[in-house]
Every structure is written in structure tokens, then in C-alpha cells.
Amino acid sequence: MGEKEGFKTAFFAALLGSIMFGIVTYVFGYGFIAAAIGGIIWLISLKWLYNTGWLKAILIAVVIWIVVSIVGIFLPTFPNPF
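Residues numbered from 1 in each chain as written. Predicted model: local features only at pLDDT ≥ 70, side-chain atom pairs only at ≥ 80, totals over all residues. Heavy atoms only, no water.

J.: Just give me the short version of the side chain of Thr25, but keep the residues and values in it.
T.: In this fold, Thr25 is placed in helix α1 (residues 7-28). By relative accessible area, Thr25 is classed as buried at 14%. Excluding its chain neighbours within four sequence positions, the residues that come into contact with Thr25 are Tyr30 and Ala34. (Helix = DSSP H or I, 4+ residues; strand = E, 2+ residues; numbered from the N terminus. Buried < 20%, exposed > 50% of the residue type's maximum accessible area, 1.4 Å probe, protein only. Contact = heavy atoms within 4.5 Å.)

Below, the structure is given as C-alpha cells:
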């Protein structure tokens, strides 16, 4: 999407999003409100890390969501090498 931040920024965004989402679910519990607040905080962190606008942050989040969904479907079905 034209970003030049690289792997470190993507890794930091994933780590930061996971930590913040964990804190939000700890405070608010599991449910729609916690997911909405965690998603908004994650969008704010993507906007800040990638120094972009809201629409591009949402687009980045959707692309990340699609990639994680595909990995989540195929990763558990790979044969065990051990």
C-alpha cells in the first residue's frame, strides 16, 4: 500500500495492538464493547505508527485482518513435522 516502514513497524503494530487489546479485555471483559474499544485503540495506533489518515488506517486493518484469517485457517491444518 505504498508504506515504507518495513517489518519492524508491522511487528511493533501487531505487538502493540495485542497488548492494548489484552488490557481492554481485562478492564471491560469479553464482548462487543471491549472489541469496539480495542478496535478503535488499534486503529489509533495504526494511524500513529504509519503516520497516515483514518481511511488508510482502516484499510491497513482490513488487510491485516484478512491475512490473519487466512493464516488462522491454514496454519492449524498443516501436518506436524515432528
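J.: Break down the packing of α1 against helix α2 (residues 32-49) for me, citing the residues and quoting the values.
T.: Viewed as axis vectors pointing N to C, α1 and α2 meet at an angle of 155 degrees, and their least axial separation amounts to 9 Å. Judged on the interaxial angle alone, α2 and α1 are roughly antiparallel. Along this stretch, α1 crosses α2, giving a crossing that reads as right-handed. Contacts between α1 and α2 pair Thr9, Phe12, Ala13, Leu16, Gly17, Met20, Phe21, Val24, Thr25 and Phe28 from the former with Ala34, Ala35, Ile37, Gly38, Gly39, Ile41, Trp42, Ser45, Leu46, Trp48 and Leu49 from the latter. Residue composition of the contact of α1 with α2, by class: 15 nonpolar, six polar and no charged. (Axes fitted to C-alpha atoms, helices over the stretch in contact; angles between N-to-C directions. Parallel < 35°, antiparallel > 145°, perpendicular 65-115°, else oblique. Left-handed = near helix turned anticlockwise from the far one by under 90°. Nonpolar A, V, L, I, M, F, W, Y, C, P; charged D, E, K, R; others polar.)

J.: So what about helix α3 (residues 54-74)? Which residues, and what values?
T.: Here α3 contains 21 residues, and its C-alpha end-to-end distance of 30 Å stays within 8% of the 30 Å for a straight helix at 1.5 Å per residue. Looking at the buried residues of α3, the elements they touch are α2. (Expected span 1.5 Å × (residues − 1).)

J.: Could you give me a rundown of the environment of Ala35, with the residues and numbers involved?
T.: Residue position: Ala35 is located in helix α2. Placed eleven residues apart in sequence, Ala35 and Val24 show a C-alpha to C-alpha distance of 8.2 Å.

J.: Talk me through the confidence of the model for the protein chain; I want residue IDs and the actual numbers.
T.: Looking at the protein chain as a whole, the pLDDT averages 80, with 87% of positions reaching at least 70. Per-element mean pLDDT across the protein chain ranges from 82 in α1 up to 85 in α2. (pLDDT = per-residue confidence, 0-100.)

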